[in-house]
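Secondary and tertiary structure notes
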Amino acid sequence: MLASLILTACATKKVQNQMQGDVYTGTDTVKYLASGVADRVFFATNESVLTTASRDTLRKQAEWLRKNSKINVVLEGHADERGTREYNLALGERRANAAKDYLMTYGISANRISVISYGKERPVDSGSNPLAWSKNRRSVTVKAN
Amino acid sequence: MRYLNFLVLLFVFIPIKAIALIEVDITRGNLNPLPIAVSPLSIDKESNQSLKEILRKENIGSEISIVVENNLKTSGLFNPLNKDAFLQEADIVHLKPRFEDWALIKAQALITGKVTYQDEKLRVEFRLWDVLAGKEMMALAFTTVPSNWRRVGHIITDKVYERLTGEKGYFDTRIIYVAEEGPKVKRIKKLAIMDQDGFNTKYLTLGNELVLTPRFNPTNQMVTYLSYFRNMPRVYLLDIETGVQEVVGDFPGMTFAPRFSPDGKKIIMSFAMDGNSDIYTMDLENRVVERITNHPSIDTSPSYSPDGKYICFNSDRSRYQQIYIMKSDGSNVKRISFGKGLYGTPVWSPRGDLIAFTKLHKGKFYIGVMRTDGSGERLLTENYYQEAPSWSPNGRVLIFYRETKSDSEGKGFSAKLWSIDLTGYNERLVGTESDASDPSWSSLLSN
């Protein structure tokens, strides 16, 4: 009984450690474009505002892109499954563009960046729970060449 | 796919007298469906032999009556009686029912018919009888190619439904939808089309690219949908008879959420650019593109009123997703949803008086309807996840898709089509061969 309580407590704590508000802050699904350069940023429900952590990630991406000037990228915008399909397509596009705009303010030319939205069509985590949804609300920077 | 026109012959017509005949009220939830007897259609030996060879059905007369029976049953307005209780033979009853026998088993209406095979054509005649009044209510005959036999059953149902409810039926129709398979993180989606009752499923794409939101042209056999062909999400136009398809317009970014105008001549859709989605139309004849909304918010899921004068859509211009209406030129934008929660996917009823929608409130999804000024909101069904209602052509039934919750491994997930009456009654799973989503209901194929 006590053991199971402790286990539950641990599980809850783990979830909390991976989310701030409802924005994912963990690293489970994150891949790296280069050492220390995470490929994705996460969003709050229905939001496309970049968090402090997201801006930090994108500055690192911008720096990496400046150093690797021949590399172009695709920003893939995604939404979680708790919205209507069409609205989520628009939301994914808005999220990817929020990331694109930020990269551009750090000197990356628009013609090196293309954007695609997958809406809720390509989740990384198939769970139906707040943590899974937080991992799925994302913009992922993918090398295009 | 080819569509043969039915030769509808007026076979016998008895003027309907103004005496009290059976009537079915479809405006309220019908808790007492009308008891109706659907006699197997009679068939002569010779015709049966020929049709058996062509269609590989033991008795096509009884097969057609089963189609009719299932249709009537799923409408929720009729209660087809068990055939075991029928006392009269199929051929005799079609000539002259012994009404006392049918009244005895509590049938109020009776359908009889006769199938023949003549000149390589299937000829089906049927009669609808008012059992209590002891009168014939209608009689019609159809001639078509034998392979169309299911459609004959659907057309008979439409005629019976119309005669007894006073409104057009919705049985000789089809549903286009997205067939789904595979794990949630790597879902394969194909366009599929089937008869309204789940038969004759055909796949229109192979699943090589992601496809979403197919919608019928209300006037012909064209379909518009979103395809990720070559990883470029664009609205496409597909002729389902020829298989020919083309991209709609030449937009430098994602186009999505397409729908036809009621006259079938325009496609209305969203175009997303630089983080902003606005609504556009393209005229299919002269290819002229018009911008309808111009707002930094997300404007999507547009749907015309049946007279083409107005458009409803959802927008987050008031911060969260809500339903708006405007004139078809984009002027007079007015928010109409003010209830608690988020509102999306508005679709204007073919009758013009209602807008169906998806609502998200406190973690639950609802399908509901409201008047076109936003008043009279009625939620028809609540679930974990459901969205995207589409109207039956007579505006009496909504079809939508529902997804189930999955565990952390993705187990337990499913996507299925469901239908529900406008009254909120008669919620039904619509059978599909695989998982399914994004249903769109066609117009009546024949009238």
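Throughout this description, residue numbers start from 1 for each chain and increase along the sequence as written. Here the convention is simple: chains get letters from A, ligands get numbers from 1, in the order in which they are written. Owing to the predicted nature of the model, reporting of local features is limited to residues with pLDDT of at least 70; listing and counting of side-chain atom pairs is limited to 80 or more, with chain, interface and lining totals taken over all residues. Remark: hydrogens and water are excluded; side-chain values derive from all non-hydrogen atoms of the structure.

Below, the discussion takes up the overall build of chain A. Helical segments are the DSSP runs of H or I of at least four residues, strand segments are the runs of E of at least two, and each set is numbered from the N terminus. Broken down by element type, chain A carries 4 helices and 8 strands. Secondary structure of chain A in N-to-C order comes out as α-β-β-β-β-β-α-β-α-β-α-β. Burial classification: accessible surface area is computed with a 1.4 Å probe over protein chains only, and a residue below 20% of its type maximum counts as buried, one above 50% as exposed, and the rest as partly exposed. Residues counted as buried form 57% of the 145 residues belonging to chain A. A total of about 6,500 Å² of accessible surface is found on chain A, and carbon and sulfur atoms cover 56% of it. Residue exposure ignores everything except the shown protein chains as possible cover, and the areas themselves are Shrake-Rupley values with a 1.4 Å probe.

The contact criterion used is simple: two residues touch if any of their non-hydrogen atoms lie within 4.5 Å. Listed by partner, the interface residues are 29 residues for chain A and 51 residues for chain B. Here's the idea: put two parts together, see how much 1.4 Å probe accessible area each one loses, and the total over both is what we call buried area. At the boundary of chain A with chain B, total buried surface from both sides reaches about 3,100 Å², with 48% on carbon and sulfur atoms. Together, R82(A), R85(A) and E86(A) form the three largest contributors to the area buried by chain A at its contact with chain B, with a combined 24%. Throughout this description, the term salt bridge denotes a Lys or Arg side-chain nitrogen within 4 Å of a carboxyl oxygen of Asp or Glu. Across the chain A-chain B interface, the total number found is 7 salt bridges. Between K184(B) and E81(A) there is a salt bridge, with its nearest N and O atoms 2.9 Å apart. Whenever two N or O atoms come within 3.5 Å, that pair is a polar contact, provided that in protein one can donate a hydrogen and the other can accept it, and provided that, for residues adjacent in sequence, both atoms are side-chain atoms. Here chain A and chain B share 28 residue pairs in polar contact (both at pLDDT 80 or more) between them. No other element matches the 10 residues that helix α3 (residues 85-105) of chain A contributes to the side of chain A that touches chain B. Charged residues are taken to be Asp, Glu, Lys and Arg, nonpolar residues to be Ala, Val, Leu, Ile, Met, Phe, Trp, Tyr, Cys and Pro, and polar residues to be all remaining types, Gly included. Class assignment of the residues belonging to the side of chain A that touches chain B gives a composition of 9 nonpolar, 8 polar and 12 charged.

Further remarks concern the side chain of D158(B). All names here are of chain B. Locating D158 in the fold gives a position in helix α5 (residues 149-165). K159 provides the closest opposite charge to the buried, salt-bridge-free D158, at an N-O distance of 7.5 Å. Polar contacts involving the side chain of D158 include one to the main-chain amide nitrogen of F171, which spans 2.8 Å. Excluding residues within four positions of it along the chain, D158 makes contact with G169, Y170, F171, D172 and L444. Under the convention used here, Asp and Glu are negative, Lys and Arg are positive, and both His and the chain ends fall outside the count.

Counting residues in each nonpolar core, the largest one holds 53 residues, and the members touching the most others are I111(B), V115(B), I156(B), V160(B), L164(B) and L417(B). Considering each element in turn, this core owes the most residues, 7 residues, to α5(B). Nonpolar cores were defined as sets of buried Ala, Val, Leu, Ile, Met, Phe, Trp, Tyr and Cys residues, with membership established by side-chain atoms within 4.5 Å. By size, the runner-up hydrophobic cluster in this structure holds 19 residues, among which are W64(A), L75(A), L103(A) and I108(A).

Now for the pairing of strand β9 (residues 188-195) of chain B. All names here are of chain B. Extensive coverage of β9 is indicated by the burial of 7 of its 8 residues. One requirement defines pairing of two strands: DSSP has to find at least two bridges between them. Judged from the 8 bridges that link them, strand β8 (residues 174-181) and β9 form a sheet pairing that is antiparallel. Considered in β9, the bridge of I175 is made with M194. Hairpin remark: β8 followed by β9, antiparallel, with 6 residues in the connecting loop; positive phi at G182, about 90°. One ladder, built from 2 bridges, connects β9 with strand β10 (residues 202-203); its direction is antiparallel. Looking across to β10, one finds that I193 is bridged to K202. Taking the residues between adjacent antiparallel strands as the criterion, β9 and β10 are bridged by 6 residues, where G198 takes a positive phi near 90°.

Attention now goes to the packing of helix α2 (residues 60-75) of chain B against α5(B). All names here are of chain B. In this analysis, axes come from line fits to C-alpha atoms, helices being fitted only over the stretch in contact, and the angle between any two N-to-C directions falls in the range 0 to 180 degrees. Put simply, α2 and α5 touch, their axes get as near as 8 Å, and they point 45° apart. Taken together, α2 and α5 sit at an angle that is classed as oblique. Both α2 and α5 take part in a crossing whose hand is right-handed. Together, I60, E63, I64, V67, V68, N71 and L72 of α2 and W149, R150, G153, H154, I156, T157 and V160 of α5 make up the contact between the two elements. Oblique is the label for any angle not covered by the other classes, which are roughly parallel (under 35 degrees), roughly antiparallel (over 145) and roughly perpendicular (65 to 115). By definition, any crossing whose near helix is turned counterclockwise from its far helix by less than a right angle is left-handed, and any crossing with a clockwise turn is right-handed.

Turning to the sheet that holds strand β23 (residues 342-348) of chain B, a few remarks are in order. Residue and element names in this part refer to chain B. Taken in spatial order, the 4 strands of this open sheet run β23-β24-β25-β26, and their pairing is antiparallel. Only two strands of the sheet have a single neighbouring strand rather than two, namely β23 and β26 (378-383). Within the sheet, the average angular offset between the axes of one strand and its neighbour, ignoring direction, is 20°. Two elements, strand β25 (residues 364-371) and β26, share 5 bridges in a ladder whose sense is antiparallel.

Residue and element names in this part refer to chain B. Spatial ordering of the open sheet is given by β27-β28-β29-β30, a layout of 4 strands whose pairing is antiparallel. Either end of the sheet is taken by a strand with one partner, and the two such strands are β27 (385-391) and β30 (428-430). Taken over all neighbouring pairs, the strand axes of this sheet differ in orientation by 35° on average, direction set aside. Judged from the 3 bridges that link them, strand β29 (residues 415-421) and β30 form a sheet pairing that is antiparallel. Directly across from L417, in β30, lies its bridge partner V430.

Take H154(B): it is sitting in helix α5. Once residues within four sequence positions are removed from consideration, H154(B) is found in contact with V67(B), N71(B), F171(B), D172(B), D195(B), Q196(B) and D197(B).

With 93% of its residues at a pLDDT of 70 or more, chain B has an overall mean of 93. This model gives residues 1-20 of chain B a pLDDT under 50, and the stretch forms 44 contacts once residues within four places in sequence are excluded. Confidence scores per residue from the predictor, reported as pLDDT, run from 0 to 100.

Take the packing of helix α2 (residues 52-67) of chain A against α3(A) next. Residue and element names in this part refer to chain A. Contact geometry for α2 and α3: axes closest at 9 Å, N-to-C directions at 55°. Compared by their axis directions, α2 and α3 come out oblique. Crossing of α2 over α3 shows right-handed handedness. Residues R55, L58, R59, Q61, A62 and L65 of α2 form the contact with α3, whose participating residues are A99, Y102 and L103. In the contact of α2 with α3, the residues fall into 6 nonpolar, 1 polar and 2 charged.

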